[in-house]
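Residue-level structural notes
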Amino acid sequence: KSPMNNTGQKHVKGVRIRSLNITMFVLSLILFIAVFWTTLRVAQDYNETVQATENYIAWEKSAHQIHVASDYLTEEARLYTQTLNIEHALNYLDELFASQSREKALEFISSRDIKPEFRANLEKAIEYSNALTHKEIYAIRLVAEGLGQDMAAMPGVVQTTSLSAADQALSPEDKFKHARDLMFNSDYAKAKKKIVDALSRFLSQTLTETRQEQIAQTQQLGNMLSAQRIALIGLFLLNAVTFMMIIVLIVRPLQIYAKCIKDDKMFELVGAYEFKHLALTYNDIFAVKEHHDRMLRHKAEHDPLTGLLNRAAFDSLKQLLANEPNPVGLLLVDVDKFKDINDSYGHIMGDKTLCRVAWLLQHAFRTDDFCIRLGGDEFAVIVKGNPPGLEEIIMAKITSINENLKNPAEGLPPTSLSVGVAFSNGGFTDDLYSHADKALYRVKEAGRCGCAFYRAEEDDKQS
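Residues numbered from 1 in each chain as written. Predicted model: local features only at pLDDT ≥ 70, side-chain atom pairs only at ≥ 80, totals over all residues. Heavy atoms only, no water.

This part takes up the overall build of the protein chain. Scanning the protein chain for helices and strands turns up 16 helices and 5 strands. Burial analysis of the protein chain (463 residues in total) assigns 40% to the buried set. A fraction of 66% describes how many contacts in the protein chain between residues 6 or more apart in sequence connect residues 24 or more apart. Surface exposure of the protein chain reaches about 26,100 Å², of which carbon and sulfur atoms provide 56%. (Helix = DSSP H or I, 4+ residues; strand = E, 2+ residues; numbered from the N terminus. Buried < 20%, exposed > 50% of the residue type's maximum accessible area, 1.4 Å probe, protein only. Contact = heavy atoms within 4.5 Å. Areas by Shrake-Rupley, 256 points an atom, 1.4 Å probe, with all protein chains shown as cover.)

See the structure below:
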């Protein structure tokens, strides 16, 4: 029986409907506010991730513009010292003071929100660039005076550049020679490398910082998604129909996206319109990131001039093939008298010759062989296996390449290759390189332009 109060009315313990309604309304409002707040935070975190990626893209674009403008200035200044054609000097000065591509890119980067430790490398690049510009203008002044040009007709910066007493006393030919030396000596190359290195460090720092920001934003996004799931579960308990709609349109897409982020994959186009739009935007950013990652990996492993694998890739291949059970062959290749080509025909023709050598090596050897530019005029080819008759095949290939190089087309100077070849019994051994080098030395001793194979009884005796 129900208990009675003093007036005879039944006294029932329990939750009142009105109280329940108020409680449910308050809970619903709290959950709605929670969902709304987490959605805003997700959008904010996403926008911050997009902004970080856009900053990196803008910085890389500006850095590329600096490289292009700097290389253009170098090329025009060098051409002026070589050809003595005033047009190249005017092109140089027009780019430096009118177009100002490099300065505008540096100004754009400097205007961005950059951390002080990052800005230090950027300021070093600017400092090195200004110092190099001074040297280039000095070389232009040397050539202009050597040609006897009217200094009053030259731009002000050339007029105000004073030559040292020793340089002023030089003959015209010596002034031309000194100007070329300033533009082509190792100090100039080192100064250019300092600029590239400083910009590379800056880009590396911004890439690392951007990646860290993306990771942090992703973690924050995951936390917000977890909070949103809790709120959605609460809404399910309040309204099953609403919950089902949320499952289909919000929760499921968010779960898929969280997994895509964890697995580092593109988003699937699922859920409501907003999520599909988010997926498309994220996928665009993801594609840009993947593209730049591939570019960075390619730049790290390939020679920019010839497109062949570089020294770093060669070192990696040595380690990779160290445990190869089958024989490994190594060809060390030198371009004969390459310095004479640079001295007689110029570095541009020298670069074209290197590219021609790289092309011939790539097309002569198999696709699963590794053609590498070790540096300068030194190349290498790594072949796997040593089947019968391989030495004759290699000898025939090198002979064919040398015939091509000695009778060049497209205005290239004639040259040839000296090649030393060695094979291991298995894998890339520690002495494989020295064996190939000894065979190469034997070719050079015999007058270059040829191919020799390492013979222990002959080469070790010579050494």
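Turning next to the packing of aromatic side chains. According to the stated counting rule, one finds 2 aromatic pairs in the structure shown. Ring centres 6.4 Å apart and planes at 65° place the aromatic pair F314 and Y433 in the edge-to-face group. Pair noted here: F314 is in helix α11 (residues 311-320) and Y433 is in helix α15 (residues 432-445), with a separation of 119 residues, a long-range link. Over the ring of Y128 we find K194, and its NZ or CZ is 5.5 Å from the ring centre. For the cation-ring pair, K397 lies above F365, with the distance from its terminal atom to the ring centre recorded as 5.8 Å. (Phe/Tyr/Trp six-rings, centres within 6.5 Å; stacked < 30°, edge-to-face > 60°. Lys NZ or Arg CZ within 6 Å of the ring centre and 35° of its normal.)

In this model, helix α2 (residues 86-99) (14 residues) spans 18 Å end to end at C-alpha, consistent with the 20 Å of a helix rising 1.5 Å per residue. When α2 is considered as a whole, its buried residues turn out to be H88, A89, Y92, L93, E95 and L96. Just downstream of α2 lies Q100, where phi reads positive at about 55°. (Expected span 1.5 Å × (residues − 1).)

All right, on to the pairing of strand β1 (residues 328-335) then. Across the 8 residues of β1, 8 count as buried, placing the element largely inside the fold. The alternating pattern of β1 places V328, L330, L332 and D334 and G329, L331, V333 and V335 on opposite faces, both of which are buried. Relative to strand β3 (residues 378-384), β1 runs antiparallel, the two being bridged by 7 bridges. Directly across from D334, in β3, lies its bridge partner E378. (Pairing = 2+ DSSP bridges.)

Take the pairing of strand β4 (residues 417-423) next. Put simply, side chains in a regular strand alternate between the two faces of the sheet. Burial within β4 is extensive, with 7 of its 7 residues counted as buried. Judged by which residues are buried, β4 turns out to be covered on both faces: L417, V419, V421 and F423 on one side and S418, G420 and A422 on the other are all buried. Bridge count for β1 against β4 is 7 bridges, and the pairing is antiparallel. Residue pairing for β4: V333 is matched across the bridge by V419. Following the backbone out of β4, through α15 and into the adjacent parallel strand β5 (residues 450-453), one traces a crossover that is left-handed. (Right-handed = clockwise from strand over helix to strand, strands pointing away.)

Of note, V50 is situated in helix α1 (residues 17-83). Assessed through its relative accessible area of 12%, V50 is described here as buried. As a C-alpha pair, V50 and I285 span 235 residues in sequence and 7.4 Å in three-dimensional space.

Let us now look at the sheet that holds strand β2 (residues 370-375). The sheet built from 5 strands is open, its strands ordered β2-β3-β1-β4-β5 with mixed pairing. Both edges of this open sheet fall to β2 and β5, since each of them pairs with a single strand only. For this sheet, the mean inter-axis angle between neighbouring strands, taken without regard to orientation, is 20°. Relative to β3, β2 runs antiparallel, the two sharing 5 bridges. Bridging across to β3, I372 finds its partner in A380. Running over the sheet, α15 touches β1, β2, β4 and β5 and is turned about 145° from β4. (Axes fitted to C-alpha atoms, helices over the stretch in contact; angles between N-to-C directions.)

Membership of the largest hydrophobic core comes to 37 residues, with the highest contact counts inside it found for Y92, L122 and I140. Of all the secondary-structure elements, those providing two or more residues to this core are α1, α2, α3 (101-111), α4 (116-146), α7 (172-184) and α8 (186-238). Counting residues per element, this core draws most heavily on α4, at 11 residues. Residues F338, I341, F423 and F453 belong to the second largest nonpolar core, which totals 28 residues. (Core = buried A, V, L, I, M, F, W, Y, C linked by side-chain atoms within 4.5 Å.)

So, about the packing of α4 against α7. Contact geometry of α4 with α7 gives a least axis separation of 8 Å together with a crossing angle of 160°. Compared by their axis directions, α4 and α7 come out roughly antiparallel. Crossing geometry of α4 relative to α7 is assigned as left-handed. Note on element contacts: α7 touches α4 through P172, K175, F176, H178, A179, L182 and M183, opposite K135, E136, Y138, A139, L142, V143, E145 and G146. In terms of residue class, the contact of α4 with α7 is built from 9 nonpolar, 2 polar and 4 charged. (Parallel < 35°, antiparallel > 145°, perpendicular 65-115°, else oblique. Left-handed = near helix turned anticlockwise from the far one by under 90°. Nonpolar A, V, L, I, M, F, W, Y, C, P; charged D, E, K, R; others polar.)

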